[in-house]
Amino acid sequence: MRSSMIALALAAQMSALPALAQERQPRDEFFWLGEINKATAVINTDEGLLDKALAPRIAVGLGKVLQEGAKPGAKRPSTVISFEPLLIAAGGQEVTLLHAGRSSQDMHATYRAAILRDDMLALADQLNRTTATLVGLAEKHAATIVPNYTNGVAAQPNSLGHTLLGHAAGLERDAERIREAYARIDRSAMGTTVLNGTSWPLNRKRMADYLGFAAIVDNAYDAGQISSAEHPVEAGAIVTSIALHAGAFVEDVMTQYAFARPWMLLQEGDGNTYVSSAMP
């Protein structure tokens, strides 16, 4: 009970320390290194892996580092080996006990997954808004007849709504790919250390919960050497697929723009159209 009360008090202290600029801070490597260290301090103190007498000093030291990094124009170290000296300077040499059972490998794999999660959510949000726009236009233009093209040549009449829904179908498959990839990325590597794992009894599931991950990476070798390398490749493949679908839509628009009287005009301004400096 005593340990749990200390951990709760420490957690409250930790959450208050970087509050001065929490909303303005990017969720970058520095941010996640701070989150990982806060989680480690709270969880390991609560579970008896870290001397509770050291916890307040570690909290204060970590708070100083995070507050300094939150200042405008401040340096925000992006690696464990550049973050840790600042933590030692602020909290003393004993703060290195926080690192027991950890490695830069599992910490970096974890923050890369966390950052990629955010990026995938942002991509999904934009994709959803684009798809909703296409579906809305399709509904308005179900009876609008336009030519469709093969090899750049008008081939058949079609409903504009039907054509737009075709493009939306491609984007929906991209959204499905994002959902599938997100589930694979949303796993915490923390506690796997490097290569063979560690005998230090870290609570991996609790750490994953603290950092907002749905699950843990089961295999320690996979965590640092395999899955962390494939995640950005999978994300890149999804972006490539979206670019393919965007290119198909642009091609449709540009083909009919080659005619003197296009059947669909882009709205002028806001970067949608280009104005020649030499021709009307």
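### Considering the overall build of the protein
Along the protein, the regular secondary structure elements total eight helices and four strands. Secondary structure elements in the protein, listed N-terminal to C-terminal, are α-α-α-α-α-β-β-α-β-α-β-α. By the compact-globule yardstick of 19 Å for 280 residues, the protein is too spread out, its C-alpha radius of gyration being 26 Å. By principal-axis analysis of the C-alpha atoms, the protein measures approximately 80 × 40 × 30 Å. Burial status across the protein gives 40% buried among its 280 residues.

### Describing the environment of F30
By the secondary structure assignment, F30 is in helix α2 (residues 29–46). Distance from F30 to K75, taken between C-alpha atoms, is 9.3 Å for residues 45 residues apart in sequence. Once residues lying within four places of it in the same chain are set aside, the contact partners of F30 are Q25, V65, L66, G69, R76, P77 and F83.

### A short note on the nonpolar core
Grouped together as the largest cluster of nonpolar side chains are 47 residues, with contacts concentrated most on W32, I58, F83, L87, M120 and L211. Every element with two or more residues in this core is listed here: α2, α3 (55–70), α4 (80–91), α5 (104–140), α6 (160–185), α7 (204–210) and α8 (220–257). Of all the elements, α5 adds the most residues to this core, at eleven residues. If we skip the residues at most four places from it in the chain, I58 touches A41, L50, V95 and L98.

### Thoughts on α6
Here α6 is 26 residues long and its end C-alpha atoms lie 37 Å apart, about the 38 Å a rise of 1.5 Å per residue gives. Taking the backbone nitrogen of G161 as reference, a side-chain oxygen 3.1 Å away marks S159 as the first, capping residue of α6.

### Quick look at a nonpolar patch on the surface
A surface patch of nonpolar side chains, about 280 Å² in accessible area, is lined by L195, Y221 and I226. Tracing the sequence through the fold places I226 in helix α8.

### Some thoughts on α4
The end-to-end C-alpha distance of α4, which contains twelve residues, comes to 16 Å, matching closely the 16 Å that a straight helix rising 1.5 Å per residue would cover. By the burial criterion, the buried members of α4 are V80, F83, E84, L87 and G91. Within α4, the buried residues cover an arc of 100 degrees as seen down the axis, which keeps them to one side. When the buried face of α4 is taken as reference, the exposed residues oriented beyond 90 degrees from it are I81 and A89. Contacts made by the buried residues of α4 are with α2, α3 and α5. Just downstream of α4, G92 is the residue with a positive phi angle, here 95 degrees.

### Quick look at the pairing of strand β1 (residues 145–150)
One ladder, built from six bridges, connects β1 with strand β2 (residues 153–159); its direction is antiparallel. Each bridged residue has a counterpart across the sheet, and for I145 the counterpart in β2 is S159. The turn joining β1 and β2, which pair antiparallel and follow one another in sequence, is formed by two residues; a positive phi near 55 degrees is taken by N151.

### Focus on empty space enclosed by the protein
Tallying each qualifying case throughout the model produces four cavities of 30 Å³ or more. Each pocket or cavity is described by its volume, and for the largest cavity that value is around 100 Å³. Lining the largest cavity we find T40, I43, N44, L98, A100, R102, M190, G191, L202, N203, R204 and M207. For the lining of the largest cavity, the secondary structure elements donating two or more residues are α2 and α7. The biggest single contributor to the lining of the largest cavity is α2, with three residues. Tallied by class, residues from the lining of the largest cavity come to six nonpolar, four polar and two charged.

### What about the layout of surface pockets?
Here the largest pocket defines a volume of roughly 460 Å³. Elements with a contribution of two residues or more to the lining of the largest pocket: α5, α6 and α8. Looking at the lining of the largest pocket element by element, the count peaks at eight residues for α5. The residue inventory of the lining of the largest pocket, partitioned by class, reads 15 nonpolar, six polar and one charged.

Parameters and conventions
Residues numbered from 1 in each chain as written. Predicted model: local features only at pLDDT ≥ 70, side-chain atom pairs only at ≥ 80, totals over all residues. Heavy atoms only, no water. Helix = DSSP H or I, 4+ residues; strand = E, 2+ residues; numbered from the N terminus. Rg over C-alpha atoms; globule rule 2.2 N^0.38 Å. Buried < 20%, exposed > 50% of the residue type's maximum accessible area, 1.4 Å probe, protein only. Contact = heavy atoms within 4.5 Å. Core = buried A, V, L, I, M, F, W, Y, C linked by side-chain atoms within 4.5 Å. Expected span 1.5 Å × (residues − 1). Polar contact = N/O pair within 3.5 Å; in protein donor to acceptor, adjacent residues only side chain to side chain. Patch = residues over 30% accessible without salt bridge, like charges linked within 9 Å, V, L, I, M, F, W, Y side chains within 5 Å. Areas by Shrake-Rupley, 256 points an atom, 1.4 Å probe, with all protein chains shown as cover. Salt bridge = Lys/Arg side-chain N within 4 Å of Asp/Glu carboxyl O. Arc of directions from axis to C-beta. Pairing = 2+ DSSP bridges. 1 Å grid on protein atoms, 1.4 Å probe; cavity = no way out; pocket = protein on both sides within 12 Å on 5 of 7 lines; lining within 4 Å. Points joined across faces, edges and corners; volume = space filled by probe spheres on them. Nonpolar A, V, L, I, M, F, W, Y, C, P; charged D, E, K, R; others polar.

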